[in-house]
Amino acid sequence: MSAARVFLIEDDEATRTVLTKLLTNEGLQVHSTGTGKDALSSAVTFRPDVILLDYHLPDTDGFEICKSLKLNRTLSSVPIIMVTGRGADTDTVTALELGVDDYVTKPFSSAVLLARLRAALRRVRPKENFDDYTPIKIHSIGIDEQKVRVTIGGEEVRLTATEFKLLSLLAAQPGRTFTRTHIVEKLNNGMHPVTERSIDVHMVSLRKKLLGTGDLIETIRGIGYRMKDI
């Protein structure tokens, strides 16, 4: 089945890069533009399942783009999620009256944005389950990515966001060696930057919190880390 398509309209290049990477890592197909000028024609060609629309654009604003999208027969039914730093009630009302399906105010977490996206995608592609996954279970460690919860022998363990993502990455593919560079690429979403040097620090803390199961994570000297394949 083809990947769901997300059209991103965001003028800030750094934010556009971060969001594109975040969505691509979730298995979504992403096309983006940084101006309102190209938005309509690009969207018609790309035929997205959902549109992420930034309010502030260099040549127009999100409200005007929203009007154009909703007046186009090809795009009129495509859900629009507006992403903006403006949080006033009047702006929210205006956006909803123009046909915006959802409204996310900056700063936002990646988890919140992805949840909003999945909700929109379920409406337009109801036969697909965008939340379909199997919680990870390895030895006595349980990892529930929906609830962002880790347990050891049924007892919950409190991890930081970075530690949780690091553990999930390794546990999802036991036996595979991840280089520090690859770990950084996977963990970085622009919200809480991780560097290669900091990976070792996060790993020390993670192993301590995993208590007796911490030794399931092996250090591959000079390369990176892997979860034991047991």
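Asker: Can you break down the sheet that holds strand 1 (residues 5–9) residue by residue, with the values?
Answerer: What links the strands of a sheet is backbone hydrogen bonding, and the strands pair in either a parallel or an antiparallel sense. A sheet is described by the order of its strands in space; here five strands give the open sequence 2-1-3-4-5, paired in parallel fashion. If you trace the sheet from one side to the other, it starts and ends with strand 2 (29–33) and strand 5 (102–105), each paired once. Geometrically, the sheet is characterised by an average inter-axis angle of 20° between neighbouring strands, direction not taken into account. Bridging between strand 1 and strand 2 involves five bridges; their strand directions are parallel.

Asker: Which residues make up the nonpolar core, and what values go with them?
Answerer: Generally speaking, a soluble globular protein has its nonpolar side chains buried in company with each other. Counting residues in each nonpolar core, the largest one holds 26 residues, and the members touching the most others are Ile141, Ile143, Leu167, Leu170, Ile183, Ile217 and Met227. Elements represented by at least two residues in this core include exactly strand 6 (136–138), strand 7 (141–144), strand 8 (149–152), helix 6 (161–172), helix 7 (180–187), helix 8 (196–209) and strand 12 (224–227). In terms of residue count, the dominant contributor to this core is helix 6 (six residues). Grouped together as the second largest cluster of nonpolar side chains are 20 residues, Phe7, Cys66, Met82 and Val100 included.

Asker: Just give me the short version of the packing of helix 1 (residues 13–25) against helix 5 (residues 110–124), but keep the residues and values in it.
Answerer: Where helix 1 meets helix 5, the axes come as close as 12 Å, and the angle between the chain directions of the two elements is 60°. Comparing the axis directions of helix 1 and helix 5 gives the class oblique. Crossing angle aside, the handedness with which helix 1 passes helix 5 is right-handed. Along its contact with helix 1, which presents Leu19, Leu22 and Leu23, the element helix 5 presents Ser110, Leu113, Leu114 and Leu117. In terms of residue class, the contact of helix 1 with helix 5 is made up of six nonpolar, one polar and no charged.

Asker: How would you sum up the sheet that holds strand 11 (residues 217–220)? Please name residues and give values.
Answerer: If you walk across this open sheet you meet the three strands as 10-12-11, and the pairing is antiparallel. Edge positions in the open sheet fall to strand 10 (178–179) and strand 11, since each of these has one partner strand only. Pairing of strand 11 with strand 12, which is carried by four bridges, proceeds in the antiparallel orientation. Following the sheet pairing, Ile220 is matched in strand 12 by Gly224. Its contacts with the sheet place helix 8 against strand 11 and strand 12, and it is angled at close to 150° to strand 11.

Asker: Outline the environment of Thr177, supporting the account with residue identities and numerical values.
Answerer: Take Thr177: it is sitting in the loop between helix 6 and strand 10. Considering only alpha carbons, one finds Thr177 and Gly224, 47 residues apart in sequence, at a separation of 6.7 Å. When residues no more than four places from it in sequence are discounted, the contact partners of Thr177 are Ile220, Ile223, Tyr225 and Arg226.

Asker: Please set out helix 5 residue by residue, giving values where relevant.
Answerer: The end-to-end C-alpha separation of helix 5 is 21 Å, in line with the 21 Å expected for 15 residues at 1.5 Å each. If you check which residues of helix 5 are buried, you get Ser110, Leu113, Leu114, Leu117, Ala120 and Leu121. End-on view of helix 5: buried residues confined to an arc of 125°, all on one side of the axis.

What counts, and at which threshold
- Residues numbered from 1 in each chain as written.
- Predicted model: local features only at pLDDT ≥ 70, side-chain atom pairs only at ≥ 80, totals over all residues.
- Heavy atoms only, no water.
- Pairing = 2+ DSSP bridges.
- Helix = DSSP H or I, 4+ residues; strand = E, 2+ residues; numbered from the N terminus.
- Axes fitted to C-alpha atoms, helices over the stretch in contact; angles between N-to-C directions.
- Core = buried A, V, L, I, M, F, W, Y, C linked by side-chain atoms within 4.5 Å.
- Buried < 20%, exposed > 50% of the residue type's maximum accessible area, 1.4 Å probe, protein only.
- Parallel < 35°, antiparallel > 145°, perpendicular 65-115°, else oblique.
- Left-handed = near helix turned anticlockwise from the far one by under 90°.
- Contact = heavy atoms within 4.5 Å.
- Nonpolar A, V, L, I, M, F, W, Y, C, P; charged D, E, K, R; others polar.
- Expected span 1.5 Å × (residues − 1).
- Arc of directions from axis to C-beta.

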